[in-house]
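Single-letter residue listing:
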Amino acid sequence: MTSTQQRLREEAAVFCQSLRPVLEQDEEWRRQGMLSDGDSREVYRLLGEAGWIGMSWPVEFGGRGLTRLTATLVEEVFGYHWLPLSSYLLSYKTIGAAIERYAEPALVDLLLPPISRGELIFCQGFSEPGAGSDLGSLTTRAELRGDTYVVTGHKIWTSSAQLSDWIYLGVRTDADTKHRGISVLVCPVDTPGIEVRSFPTLGGGYLCETFLDGVEIPVANLVGEVNGGWDVLMYTLDFERVTAEKLGGFAWVLNAVEERLRETDRLDRVAAGRISRLRGELHASRLLSFRAADNLDRELPGSASSAMAKLSGARLAQAIGDAAVDLLGLEGLAEGAEAAIEGRAAALYRASVGSTIAGGTAEVQQLVIARRGLGLR
Amino acid sequence: MRFPLEPELELFAASVRGAVGVWEAPLEPVFGEWQDDRDDALAARLAEIGWGELWSDPDLLGPAVAGGVELGRAVAPLCLVDEATLGAPLAVDGRVRHGEGRVEGGEREPTLDGTGTLRGVESVVPSDPARLQAWGAVTLAYLAGLADGAVEKAVAHALAREQFGAPIARLAAVQARLADAALVRDGLVLSAWSAADPDGAFPRDSLAWAGGACREVTMHVQQVHGGIGFALEGGVHRYFRRAKSVQVWTDVLLSELASP
Ligand SMILES: Cc1cc2nc3c(=O)[nH]c(=O)nc-3n(C[C@H](O)[C@H](O)[C@H](O)COP(=O)(O)OP(=O)(O)OC[C@H]3O[C@@H](n4cnc5c(N)ncnc54)[C@H](O)[C@@H]3O)c2cc1C
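Residues numbered from 1 in each chain as written. Chains lettered and ligands numbered in written order. Predicted model: local features only at pLDDT ≥ 70, side-chain atom pairs only at ≥ 80, totals over all residues. Heavy atoms only, no water.

Trainee: Sorry if this is basic, but what is going on with the domain arrangement of chain A here?
Mentor: Interfaces are often described in size by the accessible area the parts lose on coming together. All names here are of chain A. When its domains are assigned, chain A resolves into domain 1 (3-121), domain 2 (124-228) and domain 3 (241-373). Inter-centroid distance (C-alpha atoms) of domain 2 to domain 3 is 31 Å. Across the boundary between the two partners, domain 2 contributes four residues, which contact five residues of domain 3. Buried area between domain 2 and domain 3, summed over both chains or domains, comes out near 320 Å², and the portion from carbon and sulfur atoms is 60%. (Domains from an automatic or database assignment. Contact = heavy atoms within 4.5 Å. Buried area = accessible area lost by both parts, 1.4 Å probe.)

Trainee: Sorry if this is basic, but what is going on with a negative patch on the surface here?
Mentor: Residue and element names in this part refer to chain B. Taken together, Asp57, Asp59, Asp197 and Asp199 make up a surface patch of like negative charges. Position of aspartate 199 among the secondary structure elements: in the loop between helix H6 (172-194) and helix H7 (204-225). Residue class for aspartate 199 comes out exposed when judged on its relative accessible area of 73%. (Patch = residues over 30% accessible without salt bridge, like charges linked within 9 Å, V, L, I, M, F, W, Y side chains within 5 Å. Areas by Shrake-Rupley, 256 points an atom, 1.4 Å probe, with all protein chains shown as cover. Salt bridge = Lys/Arg side-chain N within 4 Å of Asp/Glu carboxyl O. Lys, Arg positive; Asp, Glu negative; His and termini not counted. Charge placed at Lys NZ, Arg CZ, Asp CG, Glu CD. Helix = DSSP H or I, 4+ residues; strand = E, 2+ residues; numbered from the N terminus. Buried < 20%, exposed > 50% of the residue type's maximum accessible area, 1.4 Å probe, protein only.)

Trainee: How should the interface of chain A and chain B be read in this particular structure?
Mentor: Listed by partner, the interface residues are 42 residues for chain A and 36 residues for chain B. A buried area of about 3,100 Å², summed over both sides, lies between chain A and chain B, and 67% of it is on carbon and sulfur atoms. The largest contributions to the chain A side of the interface with chain B come from A:Leu202, A:Leu330 and A:Tyr349, which together make up 24% of the buried area. Residue A:Asp322 is joined to B:Lys244 by a salt bridge in which the shortest nitrogen-to-oxygen separation is 2.4 Å. Here chain A is connected to chain B by 16 residue pairs in polar contact (both at pLDDT 80 or more). Taken together, the elements giving at least two residues each to the side of chain A that touches chain B come down to strand S6 (194-200), helix H10 (303-328), helix H11 (344-351) and helix H12 (362-373) of chain A. Its residues assigned to classes, the side of chain A that touches chain B comprises 17 nonpolar, 13 polar and 12 charged. (Polar contact = N/O pair within 3.5 Å; in protein donor to acceptor, adjacent residues only side chain to side chain. Nonpolar A, V, L, I, M, F, W, Y, C, P; charged D, E, K, R; others polar.)

Trainee: Mind showing me how you'd approach the pattern of salt bridges here?
Mentor: Charged atoms that come close allow side chains of opposite charge to pair. All names here are of chain B. For the coordinates displayed, the defined rule picks out 37 salt bridges over all chains. As a salt-bridge pair, aspartate 186 and arginine 185 come within 2.6 Å of each other at their nearest N and O atoms. With relative accessibility at 24%, the residue aspartate 186 sits in the partly exposed group. Each member of the salt-bridge network shares a partner with another, and the members are Glu10, Arg17, Glu70, Arg73, Asp148, Glu152, Arg185 and Asp186.

Trainee: For this particular structure, what's the right way to read the site of the ligand?
Mentor: Of all residues adjacent to the ligand, which total 28 residues, the nearest are A:Ser133, A:Trp157, A:Thr361, B:Arg161 and B:Gln223. More than a single chain frames the ligand: its nearby residues are located in chains A and B. Here an oxygen atom of the ligand sits 2.9 Å away from a polar atom, N or O, in the main chain of A:Phe126. In the complex, the protein chains occlude 93% of the 970 Å² of accessible area that the ligand would expose alone. Among the residues forming the shell around the ligand, the class breakdown is 13 nonpolar, 12 polar and three charged. Counting contributing residues, the shell around the ligand receives three or more from each of domain 2 (124-228) and domain 3 (241-373) of chain A. (Near = heavy atom within 4 Å.)

Trainee: How do you make sense of the nonpolar core when you look at a structure like this?
Mentor: Nonpolar side chains in soluble globular proteins tend to end up buried together. Membership of the largest hydrophobic core comes to 177 residues, with the highest contact counts inside it found for A:Leu47, A:Phe78, A:Tyr88 and A:Phe122. Broken down by element, this core gets its largest block of residues, 16 residues, from helix H5 (residues 129-160) of chain B. Sequence-distant contacts of A:Phe78, that is, excluding residues within four places in its chain, are made with A:Ala12, A:Cys16, A:Leu47, A:Trp52, A:Met55, A:Leu83, A:Leu85 and A:Tyr88. By size, the runner-up hydrophobic cluster in this structure holds 17 residues, among which are A:Tyr149, A:Ala161, A:Leu185 and A:Val189. (Core = buried A, V, L, I, M, F, W, Y, C linked by side-chain atoms within 4.5 Å.)

Trainee: What should I look at first to understand helix H8 (residues 237-258) of chain B in this one?
Mentor: Quick reminder: α-helices carry 3.6 residues per turn. Residues three or four places apart thus point the same way. For H8(B), built from 22 residues, the straight-helix expectation of 32 Å at 1.5 Å per residue is met to within 8% by its first-to-last C-alpha distance of 32 Å. Counting buried positions over the 22 residues of H8(B) gives 17, a clear majority of the element. (Expected span 1.5 Å × (residues − 1).)

Trainee: Where do I start with the packing of H7(B) against H8(B) in this structure?
Mentor: How two helices sit against one another is set out by the angle between their axes and by the gap between those axes. All names here are of chain B. At their nearest, the axes of H7 and H8 sit 9 Å apart, and the two run at 165° to each other. With respect to their mutual orientation, H7 and H8 come out roughly antiparallel. Crossing of H7 against H8: the hand is left-handed. In contact with Arg204, Leu207, Ala208, Gly211, Gly212, Cys214, Arg215, Thr218, Met219 and Gln222 of H7, H8 contributes His237, Tyr239, Phe240, Ala243, Lys244, Gln247, Thr250, Leu254, Leu257 and Ala258. Partitioned by chemical class, the residues of the contact of H7 with H8 number 10 nonpolar, seven polar and three charged. (Axes fitted to C-alpha atoms, helices over the stretch in contact; angles between N-to-C directions. Parallel < 35°, antiparallel > 145°, perpendicular 65-115°, else oblique. Left-handed = near helix turned anticlockwise from the far one by under 90°.)

Trainee: Can you walk me through the environment of A:Pro301 in this structure?
Mentor: Within the secondary structure layout, A:Pro301 lies in the loop between helix H9 (269-297) and H10. Of the residues examined, A:Pro301 reaches a relative accessible area of 74% and is grouped as exposed.

Below, the structure is given as structure tokens:
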């Protein structure tokens, strides 16, 4: 780590501490067991105001011109302080990256500056009831009428849609082919014809269904080529799958569990050994994340390294959630501010279920590693 | 999958199923609270068919296990297991496991604090070996039932859910996962039945294994469900959450038993 990166991480930690009063007033923050699924418009705005959104973007878009790797190192600090990051991750890290790379300059100028100011939140409408792992079979139709697409379909599992200003949509523009018939469109969520319904999840937060009925979106809002959307979606996922922020949260949990066991005179050799092994795994997972971010910086093929980062972090979420409850014993099952380690053990235990599903299931990550990484076909 | 039972055991299992009836565990985890899923009407229906007396005669361990499996399949309140076998609900800091609020007459229920240290009672382990034996057998049965109910849901989902133009049940990865889950489920069911032996020893080792094993099954089940298992609706998550809770509580009792 360079001294600049170290300094930024320290600054970020101070900033995160300043958010603590805001966080403590937020009931969802207490319940949410996975910080990357947590959401808060207020935290997003404050992040933007303080210049923490869009770190890798050029200064003219409100960024700091840093590398992805540096941003990733800072995101880990956000995670350690358990910031609710869903809007940040969607708007900047994943969708923002694709817009920066694939959208026309006018769209880039329109969207990136308000994102980096913390004023514009994006959500991601890929998955559909019939298209989960088989994303290529999505059926939300976009019909071209003049210079407008008319979009009709049903999206599901849309994180943060209830808070979002804009939506990033995978749509079908050619019904005759599969992957080569997909395009990506963006539009404001309040465009007529869009309806968002949220439902509660095991994580303690919400996910949404998004219904699209005759939604008119200008052709100028295409991200990438017509029928070239598959590449855009895959590019987006390569960014989504670098999940160092989660790892920051897990490091906090391990420290908190260790501290609690010490306090209650239960930190025996077996417990210390289990924590140590998990820290070792966490270290390897961090390195996988940093390598993946570095590959993205260098524009090297990133799918396999991002899938490794993602899969190792997802498994760790489950291993640490499980171990934290085991080690704390009965008090590990309790939730809430008053509970041991602020109830985060029980919350992580339940929320970690989503980690091997969101952003592509564990099995899908394995396929990416096997095919793209090892060349097995 | 239903394991074939002797006719009279099947009869008792069916009456437990009948007593459970359309009862459903609460969908919403009570975040930040101990969940209260006690149900007086359900407890009364079970009492009517003799649930609660089964510990008193070693020959009734068979029906106790048959019934315990049914309770697990339904993710029924855990205090039904504890009260029927130990004679009192287990409680932590005065709160019954999976029951909200304090129970009057603090002497009756074994109480622990959050770290698993006993409070105000000498032991959570019942002095009557018949009760302890029944608790062990029914706890194993409950875990076997959780695993069985969860696997049944996952198999049904895998057959119904199509991706890539076919049911996901045809995918090798999904089959491997469900096969792993099924073999552990079967191991749990067999362990529960082996603990129903009136002359057998307390199934300490089986209990030490069963909670974590059951959790593993429910994890596979969650994974096969994909996103739908993460929504509260549908309730697949109840098995997953309950398995961990049983594991942790069981460990407390086992460590109590192990201490000199
Ligand atoms: C917390 C959370 C947040 C999410 N946020 C978003 C979001 O913001 N936007 C969005 O568009 N989507 C989002 N999703 C959806 C997510 O991308 C999908 O849930 C995921 O891709 C899996 O799809 P599915 O749920 O339909 O499961 P399915 O695809 O039905 O999978 C079911 C099971 O089958 C297995 N399987 C399927 N195909 C294969 C195969 N070929 N080989 C081996 N195994 C296979 C899976 O691994 C899984 O175990 C989110 C999901 C979660 C849980």
